[in-house]
Amino acid sequence: FSHCLNVGLICYIFANWPKLSQEEVELATACGLLHDIGKPFSYQDDEVRHFHGHADVSSNMSVGILNRLGFNSEEIDELTYLIREHDTLIIKEEIESNKELCIKRFSIQFCDALAHNPTKLKKRIEYLVYLSNMLGLDDDTHYVKMLVKE
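J.: Now, about the overall build of the chain: what can you tell me, with residues and values included?
T.: Helix and strand counts for the chain stand at 7 helices and 2 strands. Each helix and strand of the chain, placed in order from N terminus to C terminus, yields the pattern α-α-β-β-α-α-α-α-α. The buried share of the chain, reckoned over its 150 residues, is 40%. Relative to all contacts within the chain whose residues are 6 or more apart in sequence, the contacts with residues 24 or more apart total 53%. When the accessible surface of the chain is summed, it comes to about 9100 Å², and 54% of that surface belongs to carbon and sulfur atoms.

See below:
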């Protein structure tokens, strides 16, 4: 639960940096708050804890919550997509198809990473650095540098 709150707060702060509209800040914050709500319903304990399918469960659970909060169907479609895909690697073809949506996915992945212990994120940081370069964010912002210890 605290992880979702942390990601929601980071999304809220992060969304305010590029001077987004209030609506865009609310969308980013809602996505951060809801991205892992399905984990308790997809928990599996082998030798290591797993949450297989948690993104789909989180996305499905979010529909009713977002409806009750007054989000419109277009916003709900986008948010549930971002929640469902928040752990999925972004590939070059997706960037070429819809760069704006990929930047939103990257932003959620970035905020999610900030809410974890950075000493356990080496592969994720490498991926985010690579992805920020593919998205052309390396010149405009310094998102990923916050994850990398100096």
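J.: Give a detailed account of a nonpolar patch on the surface, specifying residues and quantitative values.
T.: The grouping of Leu 9, Tyr 12 and Ile 13 at the surface amounts to a nonpolar patch, some 280 Å² of accessible area in total. Taking relative accessible area as the criterion, Tyr 12 reaches 41% and is therefore assigned partly exposed.

J.: I'd like a description of the confidence of the model for the chain, backed by residues and values.
T.: When pLDDT is averaged along the chain, the result is 80, and 77% of the positions lie at 70 or above. Here strand 2 (residues 49-50) stands out as the element of the chain with the lowest mean pLDDT, 57, in contrast to helix 4 (residues 73-84), whose mean of 95 is the highest.

J.: Residue-level account of the pattern of salt bridges, with values.
T.: For the coordinates displayed, the defined rule picks out 5 salt bridges. With a closest N to O distance of 3.1 Å, Glu 94 and Arg 105 form a salt bridge. One end of the pair, Glu 94, is in helix 5 (residues 92-97); the other, Arg 105, is in helix 6 (residues 99-114), and 11 residues separate them in sequence. On the accessibility criterion, Arg 105 (1% relative accessible area) is buried. A salt bridge links Glu 100 to Lys 104, with the nearest nitrogen and oxygen atoms 3.8 Å apart. Here the residue Glu 100 and the residue Lys 104 both occupy positions in helix 6, the gap between them amounting to 4 residues, near one helical turn. One network of salt bridges, with partners in common, ties together Glu 78, Glu 100 and Lys 104.

About the criteria used
- Residues numbered from 1 in each chain as written.
- Predicted model: local features only at pLDDT ≥ 70, side-chain atom pairs only at ≥ 80, totals over all residues.
- Heavy atoms only, no water.
- Helix = DSSP H or I, 4+ residues; strand = E, 2+ residues; numbered from the N terminus.
- Buried < 20%, exposed > 50% of the residue type's maximum accessible area, 1.4 Å probe, protein only.
- Contact = heavy atoms within 4.5 Å.
- Areas by Shrake-Rupley, 256 points an atom, 1.4 Å probe, with all protein chains shown as cover.
- Patch = residues over 30% accessible without salt bridge, like charges linked within 9 Å, V, L, I, M, F, W, Y side chains within 5 Å.
- Salt bridge = Lys/Arg side-chain N within 4 Å of Asp/Glu carboxyl O.
- pLDDT = per-residue confidence, 0-100.

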